[in-house]
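Examining the three-dimensional arrangement
The chain contents come next:
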Amino acid sequence: MMQPRVVAMEEGKEPISANKTNLSRALPSRLLVFCLLFLGVGVGVSIISMYSVRFSMVQQLATKATSAVQPLFQDDGTTIDNFIRPPSNLMHNMNDTELLWRASFVPQIKDYPFKRVPKIAFMFLTKGPLPLAPLWDRFFKGHEELYSIYVHALPSYTAGYPPSSPFYGRQIPSQMVEWGRMSMCEAERRLLANALLDISNEWFILLSESCIPLHNFSIIYHYISRSRHSFMGSFDEPGPYGRGRYNPHMEPEVTLSQWRKGSQWFEVNRKLAIDIVVDTTYYPKFKKFCHPACYVDEHYFPTMLTIQSPHLLANRTLTWTDWSRGGAHPATFGKADITEGFFKKIFEGQVCLYNGQPSTVCYLFARKFAPSALDPLLGLASKVFRY
Ligand SMILES: *[C@@H]1O[C@H](CO)[C@@H](O)[C@H](O)[C@H]1NC(C)=O
Ligand SMILES: *[C@@H]1O[C@H](CO)[C@@H](O)[C@H](O)[C@H]1NC(C)=O
Ligand SMILES: *[C@@H]1O[C@H](CO)[C@@H](O)[C@H](O)[C@H]1NC(C)=O
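Residues numbered from 1 in each chain as written. Chains lettered and ligands numbered in written order. Predicted model: local features only at pLDDT ≥ 70, side-chain atom pairs only at ≥ 80, totals over all residues. Heavy atoms only, no water.

Looking at an unreviewed UniProt entry, one finds the chain named Core-2/I-branching beta-1,6-N-acetylglucosaminyltransferase family protein and attributed to Gossypium anomalum. Recorded in UniProt under Subcellular location (unreviewed entry), the annotation for the chain is "Membrane". (UniProt positions renumbered as here; feature names shortened; annotations may be inferred.)

Here we take up the layout of surface pockets. The computed volume of the largest pocket comes to approximately 1,200 Å³. If you go around the largest pocket, you meet 44 residues; those closest to its centre are Gln264, Trp265, Glu298, Trp323 and Arg367. (1 Å grid on protein atoms, 1.4 Å probe; cavity = no way out; pocket = protein on both sides within 12 Å on 5 of 7 lines; lining within 4 Å. Points joined across faces, edges and corners; volume = space filled by probe spheres on them.)

Every residue near ligand 3 is listed here: His229, Arg260, Thr306, Pro310, Leu313 and Asn315. Take Leu313: an N or O atom from its main chain is 2.8 Å from a nitrogen atom of ligand 3. Burial of ligand 3 by the protein chains amounts to 55% of its free accessible area of 360 Å². (Near = heavy atom within 4 Å. Polar contact = N/O pair within 3.5 Å; in protein donor to acceptor, adjacent residues only side chain to side chain. Areas by Shrake-Rupley, 256 points an atom, 1.4 Å probe, with all protein chains shown as cover.)

In spatial order, the strands read 4-9-6; together these three strands make up an open sheet with mixed pairing. The sheet is open, and its two borders are formed by strand 4 (212-213) and strand 6 (319-320), each paired with just one other strand. Taken together, the two bridges between strand 6 and strand 9 (residues 365-366) define a ladder with parallel strand orientation. Bridging across to strand 9, Thr319 finds its partner in Phe365. (Pairing = 2+ DSSP bridges. Helix = DSSP H or I, 4+ residues; strand = E, 2+ residues; numbered from the N terminus.)

With that settled, consider the site of ligand 1. Every residue lining ligand 1 is accounted for by Asn95, Thr97 and Glu98. Asn95 is positioned such that a nitrogen or oxygen atom in its side chain is 2.3 Å from an oxygen atom of ligand 1. Within the side chain of Thr97, an N or O atom sits 2.6 Å from a nitrogen atom of ligand 1. Protein burial of ligand 1: of its 360 Å² of free accessible surface, 32% is covered by the chains.

A few words now on the packing of helix 6 (residues 182-196) against helix 8 (residues 270-278). Between helix 6 and helix 8, whose axes approach to 9 Å, the crossing angle comes to 125°. In terms of orientation, helix 6 lies oblique with respect to helix 8. You can see that helix 6 and helix 8 cross each other, and the crossing is left-handed. Only Arg270, Ala273, Ile274, Ile276, Val277 and Val278 of helix 8 make contact with helix 6, whose side of the interface consists of Arg189, Leu192, Ala193 and Leu196. Looking at the contact of helix 6 with helix 8, its residues break down into eight nonpolar, no polar and two charged. (Axes fitted to C-alpha atoms, helices over the stretch in contact; angles between N-to-C directions. Parallel < 35°, antiparallel > 145°, perpendicular 65-115°, else oblique. Left-handed = near helix turned anticlockwise from the far one by under 90°. Contact = heavy atoms within 4.5 Å. Nonpolar A, V, L, I, M, F, W, Y, C, P; charged D, E, K, R; others polar.)

In structure tokens form, the structure reads like this:
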């Protein structure tokens with residue numbers, strides 16, 4: 001019963017001569033089956049492989065898509081704005097390792113493809129409240145495009161500024177700080193790293209709760225933005241409070257002739273801020289070999305930056321302090337000290353170098369001022385400081 005059907009099929013393709021045997025008739029039919037089978041398998045394999053190629057392409061695209069949304073910017077990838085906009089919430093959940101790593105990102109193309117208005121980051125290293133905040137409020141008013149504020153207070157302190165205050169929501173995640181210890185430098189690096197997350201910040205000033213601005217915002221912005229140097233105090237001091245704090249174990253990274261001292265209160269530009277944040281060369285040496293009476297906050301940044309970038313440093317601080325009374329702490333001024341004559345003395349008789357030229361404006365900030373100084377300071381601000 002099968003035979004005629006096979007023959008019929010064969011007959012359809014190939015006329016069979018009458019003298020062909022059964023065997024000779026069976027051979028081509030098997031060949032055909034083989035061919036069809038082969039064709040079928042071939043088509044099947046190619047369909048499967050096409051699908052698998054498409055599938056793996058889809059997979060690849062999918063992994064690309066997920067790795068593009070993973071980065072740290074919460075970026076939807078549609079506009080450059082996602083990379084420019086500063087973090088909306090300063091209270092992130094990154095630990096210091098993650099924060100410093102994130103802050104070390106540097107664009108490799110120097111021209112910004114958007115209008116970048118460079119800002120000054122005012123970084124307040126405090127214990128808790130800022131008693132002189134009302135004076136700073138007046139100083140900042142009207143310059144919102146040109147500054148940002150960061151406050152590092154002790155972790156136990158909760159700030160309660162109203163939404164109208166420039167200090168509202170400007171607290172960063174903090175840790176315990178001990179005077180003269182490495183935890184102080186760590187807090188300063190933490191402030192720098194947080195401020196670096198805003199790509200518009202170009203200059204970084206470290207201040208304390210007892211600091212005041214001696215000039216109005218326009219003068220200060222102009223002075224800092226036009227300077228060819230960063231204002232890091234840095235000098236080579238002979239004697240027990242300078243070279244005497246050096247430890248030879250810091251060699252070869254730091255030699256005695258490279259050892260510097262300077263005021264803790266600095267101003268650095270973005271490049272130097274990143275250099276401080278990424279440092280793993282000098283940090284372990286200072287952490288290990290500079291303990292009180294080596295006050296690490298007076299030596300680490302001045303020494304490190306003088307070794308790395310001496311030409312970028314003005315070697316002087318912008319913050320006036322009165323050390324004339326001697327001792328480990330500078331003078332603190334209260335209500336009774338605040339007079340026009342007091343500030344006249346600070347402003348007069350100062351000469352320093354600014355962009356290589358002699359200048360009579362040497363200090364932009366002053367410390368230390370007690371909370372009781374607030375009212376008389378507010379009274380003098382418009383006349384003496386022009387804000
Ligand atoms: C931060 O977290 C990462 C990942 O868990 C960890 O490797 C690192 O040691 C942590 N750093 C600090 C300072 O706790
Ligand atoms: C800032 O102070 C300078 C001089 O001290 C003054 O000429 C200028 O008008 C002041 N600017 C503002 C906005 O008050
Ligand atoms: C600051 O000091 C370094 C050496 O310690 C020097 O190379 C640099 O020129 C000084 N800066 C200025 C502005 O004089």
